[in-house]
Amino acid sequence: MLIPQLMKNCFQLLCNHKVPAAGFKSTVKSGLILQSVSNDVYQNLAVEDWIHDHVSLEGKPILFFWRNSPSLVIGRHQNPWQECNLTLMREGGVKLARRLSGGGAVYHDMGNINLTFFTAKAKYDRMKNLKLIVRALNTVQPQLDVQATKRFDLLLDGQFKISGTAAKIGRTTAYHHCTLLCSTDRTSLSSLLKSPYQGIKSNATTSIPAVVKNLLEKDPTLTCEVLINAIAAEYAAYHQLDNHIHLINPTDESVFPGINSKAKELQTWEWIYGRTPKFSVNTTFNVLCEQAYLEIKVFLDIKNGRIEMCKIEAPDHWLPLAICDKLNSSLTGSKFCPIETTMIMHMLLRMCPGDQELHSKWNVLCEKIKGIM
């Protein structure tokens, strides 16, 4: 779906003159309410940053609604190995994204509404935005007990978290974005936001666990569509805007010049994993050998998502020291990634053709090491 010409005109009026864009000329002067037609997390995150970078928001606030297919989004300064179950995500085809704002990890699916409030830096006010959402919720269901907390979360019935907050504050503009749990798959949310990886030491920002609940569980009439329309109406009334949600296509370069390259950058390994703050792994695991278990020790330092130091210690009678040393040196400098690690280990295995016992041990070791990634 392409954005209508009137909407293009609206958007051009908000753009900085420094940014090249298709020629919009419009009468809209006070702000906009937008909703993405895409459910791709990278495209929608790209819209956020495109607006932040390219649009003059002085006196022209924007509210942006977006929903994603199953995805897990971590904050800019977080460690994905600490925050989520990457193995389950790979198996289920759940996307991982790193946003440009801070804060904690969140699970997205089509039952979760994302809201982004764009303003000039001087008008940035997270609590005002949260209270606006509360008013909208109480408009459609006056009996709802929803309160904003000092941590800028929204709590239902004083105990269930239904919204979390993050923000990005630039030189002249800012955005506050938050989630709103409507009918999210809570089983997936809880399982994917639970890291199984042991022995990680890091200074990365860590998420604070919370008990969550869907609004739809409280009242089956509170669908995503009902909530979006209610919040849009409250936002329009507060900012004295036309109560109309403009649908946008995040891939339309005529509206958002350069946005597709921004979306591609957000999908790269270098951004998602390579921007992880430096961390270390110190763990052990056991392997069965002749009806007894042997201990394998693993020490790793990870910088920019790559193994900076690797020390895997195995009993010499189980795995020859020379081969273990070769493994350590080969993994150093590689991505902390199960695919790359598997490739390296399979290449090293070719050094010992025909040794079936060694091949068997090597495969066990490979699976164990992949298990910490």
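Described below are features of the structure shown in this document. (Residues numbered from 1 in each chain as written. Predicted model: local features only at pLDDT ≥ 70, side-chain atom pairs only at ≥ 80, totals over all residues. Heavy atoms only, no water.)

What follows deals with the overall build of the protein chain. A count of helices and strands for the protein chain gives 13 helices and 16 strands. The C-alpha extent of the protein chain, read off along each of the three principal axes, is 80 × 50 × 35 Å. Considering the protein chain as a whole, with its 373 residues, one finds that 51% of them fall into the buried category. In the structure as shown, the protein chain presents an accessible area of about 17,200 Å², 52% of it carried by carbon and sulfur atoms. The protein chain carries 41 positive and 33 negative side-chain charges, and their two centres are separated by 7 Å. (Helix = DSSP H or I, 4+ residues; strand = E, 2+ residues; numbered from the N terminus. Buried < 20%, exposed > 50% of the residue type's maximum accessible area, 1.4 Å probe, protein only. Areas by Shrake-Rupley, 256 points an atom, 1.4 Å probe, with all protein chains shown as cover. Lys, Arg positive; Asp, Glu negative; His and termini not counted. Charge placed at Lys NZ, Arg CZ, Asp CG, Glu CD.)

All right, on to the side chain of serine 101 then. When you line up the elements, serine 101 lands in the loop between β4 (95-98) and β5 (106-108). There is a polar contact of 2.7 Å between the side chain of serine 101 and the side chain of histidine 177. Not counting residues within four places of it along the chain, the set of residues in contact with serine 101 comprises Gly75, Arg76, Ala166, Ala167, Lys168, Tyr175 and His177. (Polar contact = N/O pair within 3.5 Å; in protein donor to acceptor, adjacent residues only side chain to side chain. Contact = heavy atoms within 4.5 Å.)

Most of strand β6 (residues 112-120) is tucked away: 9 of the 9 residues are buried. Looking at chain direction, strand β2 (residues 62-66) and β6 are connected through 5 bridges and run antiparallel. Counterpart to tryptophan 66 in the pairing with β6 is asparagine 114. Pairing of β6 with strand β11 (residues 173-181), which is carried by 9 bridges, proceeds in the antiparallel orientation. Along β11, the bridge assignment pairs alanine 120 with threonine 173. (Pairing = 2+ DSSP bridges.)

A few words on the side chain of asparagine 129. Mapped onto the fold, asparagine 129 is located in helix α5 (residues 126-140). Excluding residues within four positions of it along the chain, asparagine 129 makes contact with Phe117 and His176.

According to the stated counting rule, one finds 11 salt bridges in the structure shown. Taking the shortest distance from any N to any O, the salt bridge between aspartate 49 and lysine 168 comes out at 3.8 Å. Taken together, the positions of aspartate 49 in helix α2 (residues 41-54) and lysine 168 in strand β10 (residues 165-169) put the pair 119 residues apart, joining distant regions of the chain. Judged by relative accessible area, which is 16%, lysine 168 ranks as buried. (Salt bridge = Lys/Arg side-chain N within 4 Å of Asp/Glu carboxyl O.)

This next bit is on the state of the cysteines. For the coordinates displayed, the defined rule picks out 0 disulfides. Just so you know, cysteine 84 is unpaired, no disulfide at all, and the nearest cysteine sulfur is the one on cysteine 337, 14 Å from it. (Disulfide = S-S within 2.5 Å.)

Spatial strand order, β10-β11-β6-β2-β1-β13: 6 strands in an open sheet with mixed pairing. In this open sheet, the two strands that pair with only one neighbour each are β10 and β13 (246-248). Shown here is a sheet whose adjacent strand axes are inclined to one another by a mean of 20 degrees, direction ignored. Lying over the sheet, α2 contacts β1 (32-36), β2, β6, β10, β11 and β13, oriented at roughly 170 degrees with respect to β2. On top of the sheet, helix α8 (residues 224-239) reaches β1, β2, β6 and β11; it is set at about 175 degrees to β2, its chief contact. (Axes fitted to C-alpha atoms, helices over the stretch in contact; angles between N-to-C directions.)

In this section: the packing of aromatic side chains. Per the counting criterion, the structure on display carries 9 aromatic pairs. With centroids separated by 6.1 Å and ring planes inclined at 15 degrees, the aromatic side chains of phenylalanine 64 and tryptophan 66 adopt a geometry described as stacked. With respect to class, phenylalanine 64 is no different from tryptophan 66; both count as buried. Centroid distance tryptophan 81 to tyrosine 273: 5.4 Å. Interplanar angle 50 degrees. Geometry classified as tilted. You can see tryptophan 81 sitting in helix α3 (residues 80-83) and its partner tyrosine 273 sitting in the loop between α10 (269-272) and β14 (279-289), a full 192 residues away along the chain. (Phe/Tyr/Trp six-rings, centres within 6.5 Å; stacked < 30°, edge-to-face > 60°.)

Turning our attention to the sheet that holds strand β15 (residues 292-303). The strand order across the open sheet formed by 4 strands is β12-β14-β15-β16, and the pairing between neighbours is antiparallel. Two strands close off the open sheet at either side, each with one partner strand: β12 (200-202) and β16 (306-313). The sheet shows a mean angle of 15 degrees between the axes of neighbouring strands, direction not considered. As paired elements, β12 and β14 share 3 bridges and run antiparallel to each other. From the neighbouring strand, lysine 201 faces β14, where its bridge partner is serine 280. Of the strands in this sheet, β14, β15 and β16 touch helix α13 (residues 356-370), which is tilted by about 145 degrees from β14.

Counting buried residues along β2, 5 of its 5 residues qualify, which places the element largely inside the surrounding structure. Of the two faces of β2, the one lined by Ile62, Phe64 and Trp66 and the one lined by Leu63 and Phe65 are each fully buried. Pairing analysis gives 4 bridges linking β1 to β2, with the strands arranged parallel. Within the sheet, the bridge partner assigned to glutamine 35 lies in β2 and is phenylalanine 65. Handedness of the crossover joining β1 and β2 through α2: right-handed. (Right-handed = clockwise from strand over helix to strand, strands pointing away.)

Below, the discussion takes up the packing of α5 against α8. Packing of α5 against α8 brings their axes to within 9 Å, and their N-to-C directions diverge by 120 degrees. As the angle between them shows, α5 and α8 are arranged oblique. Note on packing geometry: the crossing formed by α5 with α8 is right-handed. Facing Lys128, Leu132, Ile133, Arg135, Ala136, Leu137, Thr139 and Val140 of α5, the residues of α8 in contact are Val226, Leu227, Ala230, Ile231, Glu234, Tyr235, Tyr238 and His239. Its residues placed into classes, the contact of α5 with α8 shows 11 nonpolar, 2 polar and 3 charged. (Parallel < 35°, antiparallel > 145°, perpendicular 65-115°, else oblique. Left-handed = near helix turned anticlockwise from the far one by under 90°. Nonpolar A, V, L, I, M, F, W, Y, C, P; charged D, E, K, R; others polar.)

Read these as spatial facts, not as claims about activity.
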